[in-house]
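Structural overview
In case you want the letters, here they are:
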Amino acid sequence: MTDAPAISVRGLTKRFGDKTVVDGFDLDVARGQIHGFLGPNGSGKTTTIRMLCGLLVPDGGSGTCLGRDILTEAWEIKRRVGYMTQRFSLYEDLTIRENLDFVARLYDLDRRRETVDRALDRLRLAKRSGQLAGTLSGGWKQRLALAACVLHEPELLLLDEPTAGVDPKARREFWDEIHTLAEGGMTVLVSTHYMDEAERCHRIAYLAYGRLLAVGTVAEVIAHSGLSTWHVSGPERRIGTLARDLAARPGVEMVAPFGATLHVSGSQAAALAEAIAPFRAEPDLAWSAAKPSLEDAFIHLMAEAPVPSGAPSR
Ligand SMILES: Nc1ncnc2c1ncn2[C@@H]1O[C@H](COP(=O)(O)OP(=O)(O)OP(=O)(O)O)[C@@H](O)[C@H]1O
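Residues numbered from 1 in each chain as written. Predicted model: local features only at pLDDT ≥ 70, side-chain atom pairs only at ≥ 80, totals over all residues.

Here we come to the overall build of the chain. Secondary structure assignment for the chain yields 11 helices and 14 strands. The principal-axis extent of the C-alpha atoms belonging to the chain is close to 75 × 45 × 35 Å. For the chain, the residues scored as buried account for 36% of the 314 residues in total. In the chain, 68% of the contacts between residues at least 6 apart in sequence involve partners at least 24 apart. (Helix = DSSP H or I, 4+ residues; strand = E, 2+ residues; numbered from the N terminus. Buried ≥ 20, exposed ≤ 12 C-beta atoms within 10 Å, placed from the backbone. Contact = placed C-beta atoms within 7 Å.)

Moving on, we get to the sheet that holds strand β12 (residues 254-258). The strand order across the open sheet built from 4 strands is β12-β13-β11-β14, with neighbouring strands paired in antiparallel fashion. Sheet topology places β12 and β14 (286-290) at the edges, where each strand pairs with a single neighbour. Along the sheet, successive strands turn relative to each other by an average axial angle of 20 degrees, direction set aside. As paired elements, strand β11 (residues 228-233) and strand β13 (residues 261-266) share 6 bridges and run antiparallel to each other. For Ser-228, the partnering residue across the bridge sits in β13 and is Gly-266. The strands touched by helix α9 (residues 236-247) are β11, β12 and β13; relative to β12, the strand with the most contacts, the crossing angle is about 170 degrees. (Pairing = 2+ DSSP bridges. Axes fitted to C-alpha atoms, helices over the stretch in contact; angles between N-to-C directions.)

Let us now look at the site of the ligand. Lining the immediate surroundings of the ligand are Phe-16, Val-21, Gly-39, Asn-41, Gly-42, Ser-43, Gly-44, Lys-45, Thr-46 and Thr-47. With 3 residues, helix α1 (residues 45-52) is the single largest residue contributor to the shell around the ligand. Broken down by class, the residue content of the shell around the ligand amounts to 2 nonpolar, 7 polar and 1 charged. (Near = placed C-beta within 6 Å. Nonpolar A, V, L, I, M, F, W, Y, C, P; charged D, E, K, R; others polar.)

What follows covers the UniProt feature "domain: ABC transporter" (unreviewed entry) in the chain. Taking the UniProt record as the reference, the feature "domain: ABC transporter" (unreviewed entry) is found at residues 7-234. The distance from the first to the last C-alpha atom of residues 7-234 is 48 Å, and the span holds 34% helix and 29% strand. (UniProt positions renumbered as here; feature names shortened; annotations may be inferred.)

Counting residues in hydrophobic clusters, the biggest one holds 68 residues, and the most contacted among them are Leu-52, Leu-100, Ala-147, Leu-158, Val-188 and Tyr-206. Among the elements that take part in this core, helix α5 (residues 138-150) stands out by supplying 6 residues, more than any other. Setting aside residues up to four positions removed in sequence, Leu-52 forms contacts with Ile-7, Val-9, Cys-65, Ile-70 and Leu-158. Counting residues in each nonpolar core, the second largest holds 9 residues, with Trp-230, Leu-242, Leu-246 and Leu-262 among its members. (Core = buried A, V, L, I, M, F, W, Y, C linked by C-beta atoms within 7 Å.)

The next subject is the domain arrangement of the chain. Note: interface size is frequently given as the accessible area lost on complex formation between the parts. For the chain, the assigned domains are domain 1 (7-217) and domain 2 (228-291). Spacing between the C-alpha centres of domain 1 and domain 2 amounts to 40 Å. (Domains from an automatic or database assignment.)

Glancing now at the confidence of the model for the chain. Predicted coordinates in regions of low pLDDT should not be interpreted in detail. Within the chain, residue pLDDT values average 92, and 97% of them lie at 70 or more. Interface confidence in the predicted complex, given as ipTM, is 0.96; pTM for the same model is 0.90. (pLDDT = per-residue confidence, 0-100.)

Relative orientation of the contacting elements helix α8 (residues 218-225) and helix α11 (residues 294-304) amounts to 45 degrees, with a least axis distance of 9 Å. Taken together, the axes of α8 and α11 are oblique relative to one another. Like other packed secondary-structure pairs, α8 and α11 cross with a definite hand, here left-handed. Judged by residue contacts, Val-218, Val-221, Ile-222 and Ser-225 of α8 engage Leu-294, Ala-297, His-300 and Leu-301 from α11. (Parallel < 35°, antiparallel > 145°, perpendicular 65-115°, else oblique. Left-handed = near helix turned anticlockwise from the far one by under 90°.)

Structural data, given as structure tokens:
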């Protein structure tokens, strides 16, 4: 292993027809890091992942993945990357073991039986090894897909929304596995729409309209949004009307109800304080200054992002 970054790309660009879906994308991912990849539907995450692992040829930009040139050494990259696509792409009418054995044959791996046994143990699939993949729950299917991805001991794992539709317990276990793999030296780039998953990454990148809007640790991305947030709780009936009252005030950019609490945010702290001032004396309301959440930060970044011409309105 070297200290060179696992991924280092500059100006990555991809066009489909006259639509630019990834536009001048820069990213550095250090070895052994778990890097989250977030952004609204259609923002270009999958397209970027495919360019990084050599499945799609960029129309512009350059860079390396695992020290190999993404434009000229795609084949070398593919062999050393594990890519888990959004769709379950294993055979439902084969057992867990048969699926893994099939993948081991595709990679022409030595000592196939031993390799498959190790993967079964590693992902705690051994007890179910004879079960047909088609009969597994969503969480177990994703675990099998992960086992298949790591069978050839890749240096980089690219996971495209690996836990979409999976229940919270199975998602947590899946993320525990990702952390174990990273501790063993694997680098992971993982796209997700779940905020709790973003918070389990070492660093995150947020993409909208194919452009990188923010990158850094969760704390850095929240700070970069420049948001100030207040929480206010009170009687349910008042909270409903208060949300409308606040949304109409200059200085208030977002009002989001969470049960009987509102999260009220704005990018100018002083203007926000002025906007909420008339309501702070209401005896039934409890106000507190709060840390903006990652979700608040993303929605704000998205709202502020310049909309490229031709993009659907939001
Ligand atoms: N092969 C293709 N041909 C034409 N357009 C495409 C192709 N692949 C993707 N696109 C378009 O590129 C844009 C970005 O798609 P992409 O799948 O990369 O986004 P995403 O961020 O991964 O979205 P999601 O979160 O929904 O998975 C979308 O508008 C999509 O329709």
